[in-house]
Amino acid sequence: MKLYDFDGMFDQKLSEYVKKNADKHREKEWEDIIPKMYARFGDTVIKSLGVSPNQYYAQMDDGQIVAQLRAHLKQGVAVSEFLCNAIESRNLSEKLIPLLDGTEDEKAYALNLLGACRQALPEYMRLICSDESEDIKNTCVDFAKEFADEVKELALENYGKGVEKEYMLEILSRCVLKDERIYEILIKEFRSDGENVPMHASYLAAYGDERALPYLLDKIDGEGVTFIEFQELKYAIEALGGEYTKERDFSNDPYYEIIKAHSVSSADVFGAGGLNGVINGDITGGQGNAEK
């Protein structure tokens, strides 16, 4: 299968163009200009091909275009936005899901292209419970959370077996249909795990059951609460409709001192969702010398 490094072609032409016009634009202006040039390049006919990059992929059938992606990854040829856009413009879930059982690069691209895909949920849950990288697992959790009610029983089963408990808790906390089993689990974990108070408080906030307020208020009032724990607990309390107004002294807390020293508000540090809410023609038309 012949592959074309369209990004390489663009980079070469861009380099030539920038050298000729370096003094015409400031750095900030180039940041706006280059993406527009790249988009225009996608519709420009490459003389050696007789079609533009976008046309090149548009003429392929579904199987061919996914095969192109796999070939690019296998041979180490840059995957252009033109190829990704062509895949995203079609409904190729069934052909992309098998890539989730492939190489690390194939998994990463498949996840990015599939997004929160209902058909891929079984694979997402499998990857979360496998020996994949944390990046892969976190991405799968983010997508699975959008269908939390649909994977609830599997998440409960995994939690009960002690399989990736924290990930299962995160997914369960996003369930919309209330389930007493989930509430009891979230409360139990919040009360028993003293090392992950901010995380478990955020789960209670996300789940949205007001019955958790007394437990949160009791915890935030404790003498040993750190500044980071306080911030997350206060957010959770407010998210559930409660309020905590007692003044607390964190002057001896190292995290508080760091934030104060840098004049950063707690909202800037922790985000709105709390700590855990906390990653033209001149450049075209040449021969495709990056052709492979």
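Computed from a predicted model, the values in this text were never measured in an experiment.

Some remarks on the overall build of the protein chain
Within the protein chain, the regular secondary structure consists of 17 helices and 0 strands. Burial statistics for the protein chain: of 292 residues in total, 44% are counted as buried. Split by element, the accessible area of the protein chain, about 15900 Å² in all, is 48% carbon and sulfur.

Examining the confidence of the model for the protein chain
Across the protein chain, the average pLDDT comes to 88, with 89% of residues at 70 or higher. Note on residues 264-292: pLDDT is under 50 here. Beyond four places in sequence and across chains, it has 59 contacts.

As for the packing of helix H5 (residues 81-88) against helix H7 (residues 104-114)
At their nearest, the axes of H5 and H7 sit 10 Å apart, and the two run at 50° to each other. Relative to H7, H5 is oriented oblique. Taken as a pair, H5 and H7 cross one another with a handedness that is right-handed. Residues Cys84, Ile87 and Glu88 of H5 form the contact with H7, whose participating residues are Tyr109, Asn112 and Leu113. Of the residues in the contact of H5 with H7, the class split is 4 nonpolar, 1 polar and 1 charged.

A few points about the side chain of Glu170
Of note, Glu170 is situated in helix H11 (residues 165-172). Ignoring anything within four residues of it in the chain, the contact list for Glu170 reads Val141, Asp142, Lys145 and Tyr203.

Some remarks on the pattern of salt bridges
Pairing is possible between side chains that carry opposite charge, provided their charged atoms lie close to one another. By the definition in use, this model includes 20 salt bridges. Residue Arg118 is joined to Glu150 by a salt bridge in which the shortest nitrogen-to-oxygen separation is 2.7 Å. Of this pair, Arg118 sits in the loop between H7 and helix H8 (121-128) while Glu150 sits in the loop between helix H9 (134-145) and helix H10 (152-160), placing them 32 residues apart in sequence. Classification of Glu150 by relative accessible area gives partly exposed; the value is 47%. Residues joined in a network through salt bridges with shared partners are Lys152, Glu153, Asp179 and Arg181.

As for helix H15 (residues 227-239)
Taking 1.5 Å of rise per residue, 13 residues should cover 18 Å, and H15 covers 18 Å from first to last C-alpha, within 8% of that figure. Those residues of H15 that fall on the buried side of the exposure criterion are Phe227, Ile228, Glu229, Phe230, Gln231, Glu232, Leu233, Ala236 and Ile237.

Details of unusual backbone geometry
Generally, phi is negative for residues other than glycine and the peptide bonds are trans, each holding for most cases. The residue Glu164 is not glycine, and still its phi comes out positive at about 45°. Among the structural elements, Glu164 can be located in the loop between H10 and H11.

Concerning the environment of Ile187
Checked against the element boundaries, Ile187 lands in helix H12 (residues 180-192). Taking the relative accessible area as the measure of exposure, Ile187 reaches 6% and is therefore buried. For the pair Ile187 and Ala212, spaced 25 residues apart in sequence, the C-alpha to C-alpha distance is 7.1 Å. Here Ile187 is in contact with Leu204, Ala212 and Tyr215, once residues within four sequence places are set aside.

Some thoughts on the packing of aromatic side chains
According to the stated counting rule, one finds 14 aromatic pairs in the structure shown. Joined through ring pairs, the aromatic side chains of Tyr4, Phe6, Tyr56 and Tyr57 make up one cluster. Lys178 extends its terminal NZ or CZ atom over the ring of Tyr207, reaching a point 3.9 Å from the ring centre. The cationic tip of Arg211 hangs over the ring face of Tyr183; the distance from NZ or CZ to the ring centre is 3.9 Å.

Quick notes on the rules
- Residues numbered from 1 in each chain as written.
- Predicted model: local features only at pLDDT ≥ 70, side-chain atom pairs only at ≥ 80, totals over all residues.
- Heavy atoms only, no water.
- Helix = DSSP H or I, 4+ residues; strand = E, 2+ residues; numbered from the N terminus.
- Buried < 20%, exposed > 50% of the residue type's maximum accessible area, 1.4 Å probe, protein only.
- Areas by Shrake-Rupley, 256 points an atom, 1.4 Å probe, with all protein chains shown as cover.
- pLDDT = per-residue confidence, 0-100.
- Contact = heavy atoms within 4.5 Å.
- Axes fitted to C-alpha atoms, helices over the stretch in contact; angles between N-to-C directions.
- Parallel < 35°, antiparallel > 145°, perpendicular 65-115°, else oblique.
- Left-handed = near helix turned anticlockwise from the far one by under 90°.
- Nonpolar A, V, L, I, M, F, W, Y, C, P; charged D, E, K, R; others polar.
- Salt bridge = Lys/Arg side-chain N within 4 Å of Asp/Glu carboxyl O.
- Expected span 1.5 Å × (residues − 1).
- Phe/Tyr/Trp six-rings, centres within 6.5 Å; stacked < 30°, edge-to-face > 60°.
- Lys NZ or Arg CZ within 6 Å of the ring centre and 35° of its normal.

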